[in-house]
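Listed below, chain by chain, are the residues.
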Amino acid sequence: MGCQFLGRQGLPMDEATDATQSRFVLGVRIDRTSYPDATHRVLGWAARGESRYVCVASVHTVMEAWDDPRFREVVNAADLVTPDGMPLVWMLRALGCPGQSRVCGTDLTTHLCQALAHHGLPAGFYGGAPETLKMMIRNLRHRFPTLRVAYAYSPPFRAVTAQEDEEVVQDIRRSEARVLFVGLGCPKQERWMADHRGRMPAVMIGVGAAFDFLAGRRRRAPKWLQLLGLEWAHRLAMEPARLWRRYFRHNPRFVVLALRQLLHHSFATPRRG
């Protein structure tokens, strides 16, 4: 599979290129990016009040998209898709993106909050339980004292009505939040962002479990486990009842399908010499 260059409109004028180098992993577009690059892009969009959304893709995201073509369209339509998790990083490297590193939701949130605090751009947070939201914002303000939190809302654990949704949109617009961190979990948060692009002048970023990690309610895996691609095992040990079905359903299938894609890529790539 060759490199795909996907055009982006409205990037900062000092961008070296108006395209993001990407690969497709099991049909899902994953962009070649980094924390500095993703932060720079989001800040540029946010400063201009553009309505965009960013997906932070994991194996879970890819397999949900594999099973549901409509969800795959949602992810592929995002303005930026980052590789969260080492399996996707390894896939990008194997498909011709050497040096690709992980860009996960928790660390991207802290990078962006630091940049937002520095530039004086207001942030918003949508998702999580009320106490989780409160603890996370307290921790972020402790780390970044000048961070402006213009909006924070914990939605109910049920489908919201059209009127309730419109009230949320109007509240976000009035708050003037320019980056909205969305913590609803996959695939709900990606669908929510796609449904709300164009309705508010903010860059929406689906960061999943980052709310719980930043609130201190869950412990992150040790760095060495993350680098080995075994963060899922740590999370499974912490929450077996909630996560075992997800991991045992998705992970083995991902390995088989990813190996099949790499074999096809290897045979399809012309050999030199």
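Residue positions within a chain follow its written sequence, with the count starting from 1. Where local features are concerned, this predicted model is filtered to residues with pLDDT of at least 70; where side-chain atom pairs are given and counted, the filter is 80 or more; whole-chain, interface and lining totals use all residues. Values shown for side chains rest on all heavy atoms present in the structure; no hydrogens or waters enter the calculation.

(A) Region of interest: helix 2 (residues 59-67). Of all the nine residues making up helix 2, seven are buried; the element is thus mostly covered by neighbouring parts of the structure. The buried label applies to any residue whose accessible area, calculated with a 1.4 Å probe on protein chains only, is under 20% of its type's maximum; exposed applies above 50%, and partly exposed to all values in between. We count a stretch as a helix when DSSP gives it H or I for four or more residues in a row; a strand needs E for two or more, and each element gets its number in order from the N terminus. Listed as buried for helix 2 are V59, H60, T61, V62, M63, E64 and A65.

(B) Main features of helix 6 (residues 130-143). A helix is expected to reach a length of 1.5 Å times the quantity of its residues less one. Along its 14 residues, helix 6 runs 20 Å from first to last C-alpha, staying within 8% of the 20 Å computed at 1.5 Å per residue. T132, L133, M135, M136, I137 and L140 are the residues of helix 6 that are buried. In what follows, residue pairs with any heavy atoms lying within 4.5 Å of each other are defined as contacts. Where helix 6 is buried, its residues contact helix 5 (105-119), strand 6 (123-127), strand 7 (149-153) and helix 9 (210-215).

(C) Just the confidence of the model for the protein, in detail. One number per residue, pLDDT, summarises how confident the predictor is, and it ranges from 0 to 100. With 81% of its residues at a pLDDT of at least 70, the protein reaches an overall mean of 87. Throughout residues 1-19 the model reports pLDDT below 50, and contacts reaching past four residues in sequence, or to other chains, amount to 46 contacts.

(D) Examining the packing of aromatic side chains more closely. Two rings from Phe, Tyr or Trp (for Trp, the six-membered ring) form a pair when their centres sit within 6.5 Å of each other. Planes less than 30 degrees apart are called stacked, planes more than 60 degrees apart edge-to-face, and all others tilted. Here the structure, examined in full by the defined rule, presents four aromatic pairs. Ring plane angle 20 degrees and centroid distance 5.2 Å describe the contact between F125 and F181, whose orientation is recorded as stacked. On the criterion of sequence distance, the pair formed by F125 in strand 6 and F181 in strand 8 (residues 179-183) is long-range, its members being 56 residues apart. F181 carries the same exposure label as F125, and that label is buried.

(E) Up close: the packing of helix 1 (residues 35-47) against helix 5. Running from amino to carboxyl end, helix 1 crosses helix 5 at an angle of 50 degrees, the nearest separation of the two axes being 10 Å. Compared by their axis directions, helix 1 and helix 5 come out oblique. Remark: the crossing between helix 1 and helix 5 carries right-handed chirality. Judged by residue contacts, Y35, A38, T39, V42 and L43 of helix 1 engage D107, L108, H111, L112, A115, L116 and H119 from helix 5. Where helices are involved, their axes are fitted lines through C-alpha atoms of the stretch in contact, as for all axes, and angles between N-to-C directions lie from 0 to 180°. Orientation is classified from the angle alone, with under 35 degrees giving roughly parallel, over 145 giving roughly antiparallel, 65 to 115 giving roughly perpendicular, and any other angle giving oblique. Two helices that cross are described as forming a left-handed crossing if the nearer one is turned anticlockwise from the farther one by less than a right angle, and a right-handed crossing if clockwise.

(F) Inspection of the environment of G206 at higher detail. Counting through the fold element by element, G206 comes out in strand 9 (residues 203-206). For G206, a relative accessible area of 0% puts it in the buried group. Counting along the chain gives 20 residues from G206 to C186, while the straight-line C-alpha distance between them is 8.3 Å. Once residues within four sequence positions are removed from consideration, G206 is found in contact with V54, V56, V182, Q189 and M193.

(G) Expanded view of the pairing of strand 6. For strand 6, a buried count of five out of five residues is recorded, marking the element as mostly surrounded by other parts of the structure. The rule for pairing is simple: two strands pair if DSSP sees at least two bridges between them. In this structure, strand 6 lies alongside strand 7, joined through four bridges in parallel fashion. Paired with Y126 across the two strands is Y153, which belongs to strand 7. The β-α-β motif built from strand 6, the intervening helix 6 and the parallel element strand 7 has right-handed crossover chirality. Across five bridges, the pairing between strand 6 and strand 8 is parallel. Looking at strand 8, one finds that F125 is bridged to F181. By convention, orient the strands away from the viewer: a clockwise path from the first strand over the helix to the second makes the crossover right-handed.

(H) Here's a closer look at unusual backbone geometry. A cis geometry characterises the amide bond from C186 onward to P187, with omega recorded as 5 degrees. Counting through the fold element by element, P187 comes out in the loop between strand 8 and helix 8 (188-196). Of note, E176 is a non-glycine position whose phi angle comes to about 65 degrees, a positive value. Within the element layout of this structure, E176 appears in the loop between helix 7 (162-175) and strand 8. Residue E176 is classed as partly exposed on the basis of its relative accessible area, which comes to 47%.

(I) Highlighting the nonpolar core. We define the nonpolar core as a collection of buried residues of types Ala, Val, Leu, Ile, Met, Phe, Trp, Tyr and Cys that are connected through side-chain atoms lying within 4.5 Å of one another. Formed by 38 residues in total, the largest nonpolar core has its most connected members in V25, L180, W192 and F254. Among the elements that line this core, the one with the most residues is helix 2, at four residues. When sequence neighbours within four positions are dropped, the list of residues in contact with V25 reads I30, V62, L88, M91, L92, L95, F254 and Q261. Core analysis: the second largest hydrophobic core is formed by 37 residues, V56, L112, C113 and L133 among them.

(J) Representation of the side chain of T132. Positionally, T132 belongs in helix 6. Here T132 falls in the buried class, since its relative accessible area comes to 4%. Discounting residues that sit within four places of it in the chain, T132 has contacts with F211, D212, A215 and R217.

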